[in-house]
Amino acid sequence: MEFSLKWLKRYVKTDLGHEKIAEIFTEQGLTVDSIIEKENDIIFEIDITTNRPDAMNYLGLAREIAASGYGEIVYPEVTVEENTSCKASDFVSVEIEDTRCKRYVARVVKGVKIGHSPDWMVELLESVGIRSINNVVDITNFVLWEMGHPLHAFDYRFIEGKKIIVRSAREGEKFTTLDGVERVLNPSDLLIADTKRGIALAGIMGGENSEIREDTQDVVIESAYFDPATIRKTSKRLALHTDSSYRFERGADIEILKKAADRAAQLMVEYAGGTLCSETIDVYIEKFEPVKVRLHLEKVNNVLGKKIEPSFIKKTLNNLGFDLIDEGDNYFDYSVPSYRVDVWREIDLIEEIARMYGYNRFDSTLPLIVTPGKTKTDRDKAIEIINEELLKAGFFEAISYSFCSKKDNLVLNPAIKDMVEISNPLSENMSVMRTTIFASLFYPFSKNVNYGNRNTRLFEIGKTYVKKEELAKEEHFVSAIAVCGEHGKYWDGTVQKVDFYRLKGIVEAIVERVKGAKVEFESVDWPCFKKGHGAVILLNGKEIGAIGEFSESVLRHYEIDLPAAGFEVSIDRIIEGGLKEFKYKPFSLFPKVERDSAFIIDKTVKFSDIEKVVQSLNIPFLVDFSLFDRYEGKGIPEGKVSIALNFVFQSKDRTLNSEEVNQLHEKIIKEIIVKFGAELR
Amino acid sequence: MKQVLEKIEEYKKQFEEELKKVESLKAFEELRVKYLGRKAGIVKSLLDLLRTVDRDFKPKLGQEINKFKVFVEQSLKEAGETVKKKQQELEEKKKFFDITLPGFKSLEGGRHPLTITRQLIEEIFVSMGYDIASGPEVESDWYNFEALGIPKTHPARDTQDTFYISEDVVLRTHTSNVQIHVMKTRKPPFKVIMPGRVYRKDADITHSPMFHQVEGLVVGENITFQDLKGTLDTFLKKLFGENARLRLRPSFFPFTEPSAEVDVSCIMCGGEGCRVCKGSGWLEILGAGMVDPVVFENVGYDPEKVTGFAFGLGVERIAMLKYGISDIRLFFDNDIRFLKQFR
Ligand SMILES: [Zn+2]
């Protein structure tokens, strides 16, 4: 909010320069964001928090400076000269039908001459960006900025039936505000009406039908108090925000109404040549009762941690307008001024004391409570291992949005239709919460690939969100996506590849390290994966995730022209039931004996079946076996593949002899030949 | 006879030619055998030829052959030294190992700068005895707003443009909702921080519809405003260095009273005033305050018995300051050219 130094100085006597004034404002909680030096004025850009409507005007700011002890407030002299030959009640009466209006003050100024405002007023208004319209309208604006209370001026001619009725709008009632826009109202809106129609949208904007015109002669000044929530609701619904609504919705000063009306009347008499009718119409349906607060001195020190002198408290609160109505040994009783709508409890007074004392004068101490610091949870430990494995494999961590489009979710995770939908999204691409991290991680993945990074490897650790009753089931996942193919080549010819099997290896390593268990993979035909290239990941028979090469439809959806593979695993499901525990097992000190053999075998024989067969033989001393080469192509019949297996035999308590190992090895070879029609190479 | 002499002359020329070409020890040995080999050397073949010529010519021819033999021997002896030296040099060359060839790096990967920053913040607080808690992102209006003293009609709702799921469910606009979850499930005293994703309907160079906050909450008997100040002072010094200074400005948050906006002396200019701090010498870094009694009442604590403070800071804001990033969108573009600078 902008304020002019020149205007401010009308209400405060001080020797301070503008920089010091800005400093005081900031230190007292009215942060001066910037100081703009103009030709013959200085403009403060002040960030006034929503709880301080009392400071959104010049007198309020002057009060703050005076309270700091660096100046003296100068109130404008409000004196009205009434002409007893006319009475306001002869012109108009006021009826409050809807109690969301707590008080309505009206004054009548007769015989004004609409014209220009005095130059000084035009200049002040313009210094804070308010365009001068005419003397009467300018005066209502001037009073708003001077005292903080929004006023409205009606052309008396257009108040039908000589009556102002404050009522709720009717359902569908149409009303044209003075900006020329027709608004459709409903009963939640408060309307100022005459006997026939609305003439102002309460607290927000006047009506076109009763605004001040060039030939206006008699003016009715409205100075009223409206319920903040009501004004806020209407102003928000109609997207109609005015200086007036801004103040009413934050809380106006119900006790200043008469004074504000008088001030406007005084200025209209002086600058618009009007005559002020006697009588102030004042319908006050619920007399304001000042809030009383007891302040315990001990509480002040307990909350702030510093002993504040009672004399300082007394002086400060008095300067701010709080009335000391009683005091005891260890307490003060205060009456809160009507303009301080933010203060109604002891803690609010403590804040007043703290901000006037100066936040930066407090010491720095640390809490005296002893608490243990955090120890890592199972999830933290799992995430550490997951990070290690993915960084080792050369993946970059990404943080993508938690939201995506419905289609993104469905392309990657068609099984889940219970999405958390955002009712007011920024765009279609951000309209639902992701049910799989893939759905949003593919955005940065695609971006990287399309700017030319043909070796993109990304992972993300985050949540997925599936609708659960009113809220969501939020589950932690790790997800990784990589381009399939060569990702690098060393100068000695070694190639760094990334593909399905490398991703599979990462998943196996993660679960092995986190859980000490082996995962199983079960082929699935999901539309997000290339046919035959996708699998669900099972841990102890329970599904924990999926892995695969992405299908054309996924790649096309995200505009990717390279093959890509990925996996997604639930961290929460892996850690369920605890983590791997380390336990030392003595290792054999006797030599290992190794045997290799290669077979030519049908390509469709699954390796997992070979594993099962070997395991089912329960060969003694067989401590390890692995696939160390797989080859198809030249020299191998079509439809067949050559596999080379390595078998490791070892005993715990003796050296094995070659003869017995050969026999065991033979047995395995035979079984593989018989079971799979394999041929020894 | 004449023929033989010519042949010797020819061999001599040929030998000289061949000797010039010899580089390796192996070639040298081959040349020696070719001319001086006892079984099939050229000298031997000439001597064999000697037997077939006329007796009268024998002495003369023998002399010539011998001269040739001596010449060859002599030349080879001289050349041998050079060749040996050359060979040694070659052996040395072959052994050469270039330690300056590029090393074989693993594929590059790295953590996200926001994760790095968040962990930095977490480590500082954990070292000060804080626990870490988390809570839901899809949140009821009550936890996100009402319990924190922000009813539907509160103007403070304007400053937090909210994504709504339904009338009573929102994407949390701050991590403060976790304060309520923590207080409803724990008994004081405790010190907790609560990091996480938050959402606001806002998107430009300094605002992202999704960003990260770290919330802090300390509740116990006799927790004071000075404790809040000291805690933040310690934290900011650990984060930005011992020279960092702290400034508190009174502010307003519905769930704290007194409330403060906390500034740190500009880490770019040290407080002199620069482009980053817009000349003020200060950077707004977090919001804080004493827990408002209404919040304690909402979670069933007795505000007469306990006090506490809370604070909230933006992870992006701190990462942007620490790493000199001016566009918040870079964090969520996840461009590898950006990410790789933090590995
Ligand atoms: Zn600076």
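Criteria and thresholds
- Residues numbered from 1 in each chain as written.
- Chains lettered and ligands numbered in written order.
- Predicted model: local features only at pLDDT ≥ 70, side-chain atom pairs only at ≥ 80, totals over all residues.
- Heavy atoms only, no water.
- Pairing = 2+ DSSP bridges.
- Helix = DSSP H or I, 4+ residues; strand = E, 2+ residues; numbered from the N terminus.
- Contact = heavy atoms within 4.5 Å.
- Axes fitted to C-alpha atoms, helices over the stretch in contact; angles between N-to-C directions.
- Expected span 1.5 Å × (residues − 1).
- Buried < 20%, exposed > 50% of the residue type's maximum accessible area, 1.4 Å probe, protein only.
- Parallel < 35°, antiparallel > 145°, perpendicular 65-115°, else oblique.
- Left-handed = near helix turned anticlockwise from the far one by under 90°.
- Nonpolar A, V, L, I, M, F, W, Y, C, P; charged D, E, K, R; others polar.
- Donors = N, O, S within 2.8 Å, 3.2 Å for Na, K, Ca; no water.
- Tetrahedral: all angles 85-135°; square planar, octahedral: opposite > 155°, others 65-115°.
- Buried area = accessible area lost by both parts, 1.4 Å probe.
- Salt bridge = Lys/Arg side-chain N within 4 Å of Asp/Glu carboxyl O.
- Polar contact = N/O pair within 3.5 Å; in protein donor to acceptor, adjacent residues only side chain to side chain.
- pLDDT = per-residue confidence, 0-100.
- Patch = residues over 30% accessible without salt bridge, like charges linked within 9 Å, V, L, I, M, F, W, Y side chains within 5 Å.
- Areas by Shrake-Rupley, 256 points an atom, 1.4 Å probe, with all protein chains shown as cover.

## Looking at the sheet that holds strand β36 (residues 679–680) of chain A
All names here are of chain A. Pairing is antiparallel across the open sheet formed by four strands, whose spatial order is β34-β35-β33-β36. Both outer strands of the open sheet, β34 (622–631) and β36, are each paired with one neighbouring strand and no more. Where strand β33 (residues 593–602) meets β36, two bridges bridge the pair, whose relative direction is antiparallel. Within β36, the residue paired with F599 across the bridge is L680. Contacts from helix α19 (residues 607–616) reach β33, β34 and β35 (640–649) within the one sheet, and its direction differs from that of β34 by about 155°.

## Structural notes on the sheet that holds strand β5 (residues 190–199) of chain B
Within a sheet, each strand pairs with its neighbour through backbone hydrogen bonds, oriented either parallel or antiparallel. Residue and element names in this part refer to chain B. Taken together, the seven strands give an open sheet; going across it, the order is β1-β5-β6-β10-β9-β8-β7, and neighbouring strands pair in mixed fashion. If you trace the sheet from one side to the other, it starts and ends with β1 (131–132) and β7 (246–253), each paired once. Sheet topology note: the strand β8 (residues 256–265)/strand β9 (residues 282–291) ladder contains eight bridges and is antiparallel. When the sheet's bridge partners are listed, E261 is paired in β9 with G287. Here helix α5 (residues 113–127) sits on the sheet in contact with β1, β5, β6 (210–220) and β10 (307–314), set at roughly 165° to β5. Against the sheet, helix α8 (residues 225–240) makes contact with β7, β8, β9 and β10, and its axis sits at roughly 145° relative to β9, the strand it touches most.

## As for helix α12 (residues 346–357) of chain A
Residue and element names in this part refer to chain A. Helix length check: α12 (twelve residues) gives 16 Å between terminal C-alpha atoms against 16 Å at 1.5 Å per residue, within 8%. Buried residues of α12: E346, I347, D348, L349, I350, E351, E352, I353, A354, R355, M356 and Y357, and no others. Positioned one or two residues after α12, G358 has a phi angle of 105°, which is positive.

## Quick notes on the packing of helix α13 (residues 378–392) of chain A against helix α16 (residues 500–515) of chain A
Packed helices, taken two at a time, are described by the angle between their axes plus the distance between the axes. All names here are of chain A. Running from amino to carboxyl end, α13 crosses α16 at an angle of 150°, the nearest separation of the two axes being 10 Å. Classed by the angle they form, the pair α13 and α16 counts as roughly antiparallel. Pair α13 / α16 crosses with right-handed handedness. Of α16, the residues touching α13 (which contributes A382, I385, I386, E388, E389 and L390) are I506, A509, I510, R513 and V514. Residues belonging to the contact of α13 with α16 are distributed by class as follows: eight nonpolar, no polar and three charged.

## Some points on the packing of α5(B) against helix α10 (residues 315–323) of chain B
Residues and elements named next belong to chain B. Where α5 contacts α10, the axes come no closer than 9 Å and their chain directions differ by 100°. With respect to α10, the element α5 is oriented roughly perpendicular. The segment α5 lies against α10, with P113, L114, I116, T117, R118, L120 and I121 engaging V315, E316, I318, A319, K322 and Y323.

## Observations concerning the coordination of the zinc ion
Ideal geometry at a metal centre: 109.5 degrees between donors when four sit tetrahedrally, and 90 or 180 degrees when six sit octahedrally. Residues and elements named next belong to chain B. Within the protein, the zinc ion binds to C266 (SG), C269 (SG), C274 (SG) and C277 (SG); these donor distances fall in the range 2.2 to 2.3 Å. Viewed at the metal, the four donor atoms of the zinc ion are separated by angles of 104 to 112°, and the geometry they form is tetrahedral. Each donor residue of the zinc ion belongs to the same chain, and together they define the spacing C-x2-C-x4-C-x2-C. One end of the pair, C266, is in the loop between β8 and β9; the other, C277, is in the loop between β8 and β9, with eleven residues separating them in the sequence. A relative accessible area of 2% means that C266 is categorised as buried.

## Regarding unusual backbone geometry
Residue P189(B) follows P188(B) across a cis peptide bond; omega there is 5°. Note the cis peptide between E257(B) and P258(B), where omega equals -5°. In this model, N618(A) sits at a positive phi of 50°, which is unusual for a non-glycine residue. Following the sequence through the fold, N618(A) ends up in the loop between α19 and β34. Classification of N618(A) as exposed rests on a relative accessible area of 64%. Backbone geometry places K278(B), a non-glycine residue, at a positive phi of 50°. The residue K278(B) is located in the loop between β8 and β9 in this model. Here K278(B) falls in the exposed class, since its relative accessible area comes to 77%.

## Overview of the interface of chain A and chain B
A common measure of how large an interface is: the accessible area buried when the components associate. Taken residue by residue, the interface counts 84 residues in chain A and 92 residues in chain B. Between chain A and chain B, a total of about 7400 Å² is buried, with carbon and sulfur atoms accounting for 57% of that surface. For chain A, the biggest contributors to the area lost against chain B are Y359(A), F396(A) and I399(A); these three give 11% of the whole. If you look at where chain A meets chain B, you find five salt bridges. Residue K463(A) is joined to E137(B) by a salt bridge in which the shortest nitrogen-to-oxygen separation is 3.5 Å. Our count for the chain A to chain B interface comes out at 46 residue pairs in polar contact (both at pLDDT 80 or more). When residues in the side of chain A that touches chain B are grouped by element, the largest group, six residues, is from strand β25 (residues 457–468) of chain A. Here the residues of the side of chain A that touches chain B are counted per class, giving 35 nonpolar, 25 polar and 24 charged.

## Considerations on the confidence of the model for chain B
Any residue range with low pLDDT should be treated as having predicted coordinates unsuitable for detailed reading. Residue and element names in this part refer to chain B. Averaged over all residues, the pLDDT of chain B equals 91, while 99% of them reach at least 70. Mean pLDDT across the elements of chain B bottoms out in helix α3 (residues 42–50) (81) and peaks in strand β2 (residues 138–140) (98). Two summary scores accompany this predicted model of the complex, namely pTM at 0.89 and ipTM at 0.91.

## Regarding a nonpolar patch on the surface
Together, W491(A), L101(B) and F104(B) line one region of the surface with nonpolar side chains, adding up to about 310 Å² of accessible area. Position of L101(B) relative to the elements: it lies in the loop between α4 (58–95) and α5. We classify L101(B) as partly exposed; its relative accessible area is 40%.

## Some points on the pattern of salt bridges
Residues and elements named next belong to chain A. Within this structure, the stated rule accounts for 81 salt bridges over all chains. Salt-bridge contacts for K531 lead to D525; the nearest nitrogen and oxygen are separated by 3.2 Å. You can call K531 exposed: its relative accessible area is 68%. The network of salt bridges with shared partners includes R52, D54, E64, R340, D342, E352 and R355.

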